[in-house]
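# Coordinate inspection notes
Here's the letter readout for the chains.
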Amino acid sequence: MTVRTRVAPSPTGDPHVGTAYIALINYCFAKKHGGEFLLRIEDTDQARSTPQSEKMILDSLRWLGLSWDEGPDVGGPHGPYRQSERSAIYTEHCDRLLADGHAFKCYCTSEKLTAMRRHQIAAKQPPKYDGTCLSLTDADRAKLDAEGVSHVVRMKIPTEGKCVVQDTLRGEIEFEYAVVDMQVLMKSDGLPTYHLANVVDDHLMGITHVMRGEEWISSAPKHLLLFQYFGWEPPVLTHLPLLRNADKSKLSKRKNPTSILFYQRAGYLPQAMQNFLGLFIKSASEEDEKTSLHELIDGFDVHNISLGGPVFDTSKLDWLNGRYLREELDVGQFLDAVKAWALNDAYLTPIAEMAQARITKLSDLGSLTGMFFMNRIDGLTADALRDGVKIDQDQQRAAYTLALQQFDGLIEWNKEGVEATLRRTAEVLETKLKDVIRPMYIAITGQPQGVPLFDAIVHLGRDIIRERLRHAMELLGPASKKEVEAWAELLLKSASE
């Protein structure tokens, strides 16, 4: 048997370091056993999936030094490798489940489902579908279909017994079927949910080992049941511990930068990031912590992964990156790295376009554009953030938080979206746009004015902007949970008016 693993990201945002961590594990496991590593794009969420996000995922994983034997960009015998291009395959398999009696049509409205779950929660029962539509007869379903009543397709779950999940790291995990939900497999728009598409694709693509995040443990009984319904051999399951912040909470962009692109833009070398993630999957020893992809593959053993959850310690990453800069690069290579990072036409041309009309001599470029070559703004203070700002400090904090919330929700990162975000922020706070622009300028550029703000925000990228606004909030006073909820409520209220 040829070992075949995969990574299957959704192109709905910036490429997460957690995706890189999972991909590295799957890659090392496959190559250690002479196998194959696949990349599949799970883009069934048509509202949020974008080609831009898919490209960023592929580019960031390649920057990290990973490649794949099959995928949407390299092809292969098991394609298509985008789920949006496999609809007919999922429909065929869903119809098979219906015909075999392993799935059923559900006509319940969203209002009815909401009321059902509220009742269950009030009764201190696990919220799940109660099986209402299981009692429908063929005649009932035919009548509802003839009337054009919308429906989804749900999987049937045994009413008694248990499912035993065999996990490489965790051993046997038991689930009572009584607490397993009758999962929706096909949505009313005819598109599959993750659960159906995932199982069908893993089988048809010959995946032998599924190594994924521990957040999918609760879905394992449903997936194993689907494999059983289809009469297929399930893959070996390994649920990996999630990356953690220093306080052991789940790694979150609200506490730390989580996008691979942030670390690329902030000036980290791909070898250092690869090495850093590799420390989470190698055995602890007295040996030097510098390692290579070849060494990670040769020494890979899934049992070296601690279930405690690896801590994403950026100080360790900084230390490693400094060593690579000093120890692995000669001056020529160092210069090449600098050029690849920022001193190239692709990065410099937009900066030149922004700066040309705002200088009187070339030496003005340093103070005007230096912020394009930083992570956080050096030397920024709370007093500097308040310099000349007309809105009060709490409004300023609200402006930063509201902008962050909206920036995170932008599907396309462009000037139009950025401008609309800041205009809406001003409207929500019932103030003038110019009174929001000045504090944004200071937080993002370190100056009260300079190059065109909207263009600068787009060019710096979502990740750097998020980090700078987070830094501004740290200086002025981090938002409490109550404040975040109140400001989010203002945003929702504004949207509904």
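To start, this report covers the structure provided alongside it. Position numbers for residues start from 1 in each chain and track the written sequence from start to end. Predicted model: local features are reported for residues with pLDDT of at least 70 only, side-chain atom pairs are reported and counted for 80 or more only, and whole-chain, interface and lining totals are derived from all residues. Hydrogens are left out, water is left out, and the side-chain values use all remaining heavy atoms of the structure.

## A word on the sheet that holds strand 3 (residues 103–106)
Taken together, three strands build an open sheet; the order of strands is 3-4-7 and the sheet is antiparallel. Of all the strands in the sheet, just strand 3 and strand 7 (184–186) have a single pairing partner and so form its edges. For this sheet, the mean angle separating the axes of adjacent strands, direction not counted, is 45°. Whether two strands pair depends on DSSP finding at least two bridges between them. For the purposes of this entry, the term helix denotes a DSSP run of H or I that reaches at least four residues, the term strand denotes a run of E that reaches at least two, and both are numbered from the N terminus. In terms of strand pairing, strand 3 meets strand 4 (residues 152–155) through four bridges, oriented antiparallel. Each bridged residue has a counterpart across the sheet, and for Phe 104 the counterpart in strand 4 is Arg 154. Only C-alpha atoms enter the line fits that serve as axes; for helices the fit covers just the stretch in contact. Angles between N-to-C directions range over 0 to 180 degrees.

## Brief notes about helix 4 (residues 110–122)
A helix is expected to reach a length of 1.5 Å times the quantity of its residues less one. With 13 residues, helix 4 should reach 18 Å at 1.5 Å per residue; the first-to-last C-alpha distance of 18 Å fits that figure. Each residue is placed in one exposure class: buried if its accessible area under a 1.4 Å probe, protein chains only, is under 20% of its type's maximum, exposed if it is over 50%, and partly exposed if it falls in between. Those residues of helix 4 not exposed but buried are Leu 113, Met 116 and Gln 120. Down the axis of helix 4, the buried set is contained in an arc of 60°. They therefore lie on one face. Opposite the buried face of helix 4, at more than 90 degrees from it, the exposed residues are Glu 111, Arg 118, His 119, Ile 121 and Ala 122. Each C-beta atom gives one direction from the helix axis, and the arc is the one those directions make.

## With respect to the packing of aromatic side chains
Between 30 and 60 degrees the pair is tilted, below 30 it is stacked and above 60 it is edge-to-face, where a pair is any two Phe, Tyr or Trp rings, Trp via its six-membered ring, whose centres lie within 6.5 Å. Tallying each qualifying case throughout the model produces 15 aromatic pairs. Relative to Trp 232, the ring of Phe 227 lies with its centre 6.3 Å away and its plane at 70°, an arrangement referred to as edge-to-face. Each member of the pair, Phe 227 as well as Trp 232, carries the same accessibility label: buried. Summarising the aromatic geometry, the rings of Phe 262 and Tyr 263 are spaced 5.0 Å apart at their centres and angled 90° between planes, so their arrangement reads as edge-to-face.

## A look at the pairing of strand 1 (residues 4–7)
In strand 1, alternate side chains face the same way, and those of Arg 4 and Arg 6 on one face and Thr 5 and Val 7 on the other are all buried. For strand 1 and strand 2 (residues 36–39), the ladder comprises four bridges, and the chain directions are parallel. Among the inter-strand pairings, Arg 6 is bridged to a residue of strand 2, identified as Leu 38. Here is how to tell: hold the view so the strands point away, follow the path from the first strand over the helix to the second, and if it runs clockwise the crossover is right-handed. Remark: the strand 1/helix 1 (residues 17–32)/strand 2 crossover connection has right-handed handedness.

## A short note on the packing of helix 17 (residues 415–428) against helix 18 (residues 433–445)
Helix-helix packing: each pair is described by the crossing angle between the helix axes and the interaxial distance. Interhelical geometry of helix 17 versus helix 18 gives an angle of 115° and a closest axis separation of 8 Å. Like other packed secondary-structure pairs, helix 17 and helix 18 cross with a definite hand, here right-handed. Seen from helix 17, the contacting residues are Leu 422, Arg 423, Thr 425 and Ala 426; seen from helix 18, they are Leu 433, Val 436, Ile 437 and Met 440. Grouping the constituent residues of the contact of helix 17 with helix 18 by class yields six nonpolar, one polar and one charged. Note: crossing handedness is left-handed where the near helix turns anticlockwise from the far helix by less than a right angle, and right-handed where it turns clockwise. Any two residues having at least one pair of non-hydrogen atoms within 4.5 Å are treated as being in contact. All residues other than Ala, Val, Leu, Ile, Met, Phe, Trp, Tyr, Cys, Pro, Asp, Glu, Lys and Arg, Gly among them, are scored as polar; the first ten of these are nonpolar and the last four charged.

## Description of unusual backbone geometry
Of the consecutive residues Gly 79 and Pro 80, the connecting peptide bond is found in the cis state with omega at 0°. Tracing the backbone shows Pro 80 in the loop between helix 2 (51–63) and helix 3 (87–99). Of note in this structure, Lys 124 is not a glycine but carries a positive phi near 60°. Topologically, Lys 124 is positioned in the loop between helix 4 and helix 5 (138–146).

## Topic: the pattern of salt bridges
Salt bridges are identified by distance alone: a Lys or Arg side-chain nitrogen within 4 Å of an Asp or Glu carboxyl oxygen. Under the criterion given, the structure shown has 38 salt bridges. Among the salt bridges present, the one from Asp 202 reaches Arg 6, with a minimum N-O distance of 2.9 Å. Here the residue Asp 202 occupies a position in helix 6 (residues 194–204), and Arg 6 occupies one in strand 1, the gap between them amounting to 196 residues. Residue Arg 48 pairs with Asp 45 through a salt bridge whose shortest N-O separation is 3.3 Å. Classification of Arg 48 as partly exposed rests on a relative accessible area of 42%. On the basis of relative accessible area, Asp 45 is assigned to the partly exposed category, the value being 29%.

## Description of the environment of Pro 270
Tracing the chain through its elements places Pro 270 in helix 9 (residues 270–278). Its relative accessible area of 22% is what places Pro 270 among the partly exposed residues. Considering only alpha carbons, one finds Pro 270 and Arg 62, 208 residues apart in sequence, at a separation of 9.4 Å. Among all residues touching Pro 270, those that are not within four sequence positions of it are Trp 63 and Leu 64.

## Regarding the packing of helix 13 (residues 345–355) against helix 19 (residues 453–460)
Where helix 13 contacts helix 19, the two axes come as close as 10 Å, and the packing angle between them is 170°. With respect to their mutual orientation, helix 13 and helix 19 come out roughly antiparallel. Where helix 13 abuts helix 19, its residues Ala 346, Tyr 347, Pro 350, Ile 351 and Met 354 lie against Asp 455, Ala 456, His 459 and Leu 460. Note on terminology: angles under 35 degrees are roughly parallel, angles over 145 are roughly antiparallel, angles of 65 to 115 are roughly perpendicular, and the others are oblique.

## With respect to the environment of Asp 95
Along the chain, Asp 95 falls in helix 3. Considered as a pair, Asp 95 and His 239 are 144 residues apart in the sequence and their alpha carbons are 30 Å apart.

So yeah, pure geometry; function would need other evidence.
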